[in-house]
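Structural features, examined
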Amino acid sequence: MKQKWGKILLAVVLMLGMAFTGYAKDGIDATKKIIRIAGYDACTGKYGDYGMGDRRGQEIAVEEINRNGGIQAGPLKGYKLSLEFFDDRGDPKESANIAKKVAAGDFLVALGPTMSSCALAATPVYARGGVANIITYSNANTITEQGFDNLLRLTYTTGAIAKYMAEQIKDTFKKSSVAVISENQDYGQQLLKYFRTSAKELGIGIVEESVITPGQDLDFNAVLMKSKAANPGMLVLFVTYNEAGMLVKQTRQMGWDVPIYVPDAMTEPKFFELAGDVKDVYIQLSPTIDIEKPAAKALKEEWNKKYSGFPPLAAIYGYDAVKVVVAVIEKGATDRKSFIKLMKTVQVEGVGNPLYAFDARGESKAPPFVTMAAAEYAKNLKK
């Protein structure tokens, strides 16, 4: 009987061992010398342009790294990268489901997403699973305010963007009043929150506020008429590219020639396609997004082998995220735990930021911003 129970116990132990060895691996295949990483973003749905840019930027970087011999230093020298990309459709629930799959799977790190609401849904799952998440293009301050130690963010925050835009409205555009149209998502509402604070400090009056629903509202004449009636010196749009494009077009169609100011979410080509005439439209940008800079030129060359124009910001941050992954691995990361331990110690030259360097919360220091006429930026997209 004891022998029988001993055999049963041994079988259970072996089964558990098999289960655990096939569960939550670190993404390191020593036999094939492959490091598996996961990307996730909205490749379909109303935010699909963002996600496809992120995916393509990551793919270009992986191809470049592998073409040049893979990892160049550290215990995993000579290993190459393997990217699997997941489409969350811009749906926070799907982002959380993908995070569960990645955390339980065989991946070293997760890269993405663009939508702040999706990042806020996925990051707690990655934290529980002990998986590093490099946030590519989500701006909401609350992402890192959660206090998780497994996060890095490449892009700047909603707070930094809103503060800069308010300062420009006062100091560069010399306007004392604005109307604001925002979306009822985390991105738009956080921009609005921080803009209100900065505008008050600077003496800028917000004479009208309106909120729209992305993917639902298409006719914006009512909100535009309310904004126009308040007679602001400038119209500020805290929305993403689809709604911003339609808002700009409808503003001009109604004969309102007010200057319009938008954040860098409007660097997507789709914005310009929907907006049409972008005269007197201005975009907040990072100055590193410049086709004359060597790093940007190199990315653009690779981008144009498959696509056309200048890569959008989502692609730029996806590309840079892979470069950050490589830097952490080359510093000595060999599993999920050591990756998280080392990731805030690296400094990486990038396209979206001259130098990524991270603080204790995982935030990258924001570069000084610039404001560019949308018409000028549109010319760069065609070069």
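Here is a short report on the structure shown in this document.

This part takes up the packing of aromatic side chains. By the definition in use, this model includes 15 aromatic pairs. Relative to tyrosine 137, the ring of tyrosine 50 lies with its centre 6.1 Å away and its plane at 85°, an arrangement referred to as edge-to-face. Taken together, the residues span a long stretch of sequence, with tyrosine 50 in helix H2 (residues 48-67) and tyrosine 137 in the loop between strand S5 (132-135) and helix H5 (142-145) at a distance of 87 residues. You can call tyrosine 50 buried: its relative accessible area is 2%. Classification of tyrosine 137 as buried rests on a relative accessible area of 3%. Consider the rings of phenylalanine 271 and phenylalanine 272, whose centres lie 5.1 Å apart with planes at 75°: the pair is edge-to-face. Residue class for phenylalanine 271 comes out buried when judged on its relative accessible area of 0%. Given the relative accessible area of 12%, phenylalanine 272 is considered buried. Counting every residue linked through ring pairs, the aromatic cluster contains Tyr50, Tyr137, Tyr156, Tyr164, Tyr241, Tyr317 and Phe369. Sitting over the ring of phenylalanine 107, arginine 36 keeps its end group 4.5 Å from the ring centre.

Residues Ile134, Phe195, Leu237, Phe271 and Phe339 are the most contacted members of the largest nonpolar core, which totals 103 residues. Top contributing element to this core by residue count: helix H12 (residues 313-330), with 14 residues. Excluding anything up to four places from it in sequence, phenylalanine 339 contacts Leu108, Val109, Ala132, Ile134, Val325, Val328, Ile329 and Ala333.

A few words on the environment of lysine 226. Relative to the helices and strands, lysine 226 is located in helix H8 (residues 221-229). Here the alpha-carbon distance between lysine 226 and glutamate 209, two residues 17 residues apart in the chain, equals 8.8 Å.

What follows is about the side chain of threonine 267. Tracing the chain through its elements places threonine 267 in the loop between strand S10 (260-262) and helix H10 (269-275). In this structure threonine 267 comes out as buried when scored by relative accessible area, which is 1%. Only 3.0 Å separates the side chain of threonine 267 from the backbone oxygen of aspartate 264, close enough to count as a polar contact.

With that out of the way, let us pick up the sheet that holds strand S11 (residues 281-285). Taken together, 6 strands build an open sheet; the order of strands is S8-S7-S9-S10-S11-S14 and the sheet is mixed. Lying at the two open borders of the sheet, with one neighbouring strand each, are strand S8 (205-212) and strand S14 (370-373). Strand after strand, the sheet turns through a mean of 25° between neighbouring axes, direction not considered. Here strand S7 (residues 177-183) pairs with strand S9 (residues 234-238) via 5 bridges, running parallel.

Another point: the pattern of salt bridges. Scanning the model with the defined rule gives 12 salt bridges in all. Note that arginine 153 is salt-bridged to glutamate 363, the shortest N-O span being 2.7 Å. With arginine 153 in strand S6 (residues 151-153) and glutamate 363 in the loop between strand S13 (356-357) and S14, this pair connects stretches of sequence that are 210 residues apart. Per residue, the accessibility class of arginine 153 equals that of glutamate 363, and both read buried. Put simply, lysine 226 and glutamate 208 hold a salt bridge, and the shortest N to O gap is 3.6 Å. Remark: glutamate 208 occurs in strand S8 and lysine 226 occurs in helix H8; sequence separation between them is 18 residues.

Rules of the game
Residues numbered from 1 in each chain as written. Predicted model: local features only at pLDDT ≥ 70, side-chain atom pairs only at ≥ 80, totals over all residues. Heavy atoms only, no water. Phe/Tyr/Trp six-rings, centres within 6.5 Å; stacked < 30°, edge-to-face > 60°. Helix = DSSP H or I, 4+ residues; strand = E, 2+ residues; numbered from the N terminus. Buried < 20%, exposed > 50% of the residue type's maximum accessible area, 1.4 Å probe, protein only. Lys NZ or Arg CZ within 6 Å of the ring centre and 35° of its normal. Core = buried A, V, L, I, M, F, W, Y, C linked by side-chain atoms within 4.5 Å. Contact = heavy atoms within 4.5 Å. Polar contact = N/O pair within 3.5 Å; in protein donor to acceptor, adjacent residues only side chain to side chain. Pairing = 2+ DSSP bridges. Axes fitted to C-alpha atoms, helices over the stretch in contact; angles between N-to-C directions. Salt bridge = Lys/Arg side-chain N within 4 Å of Asp/Glu carboxyl O.

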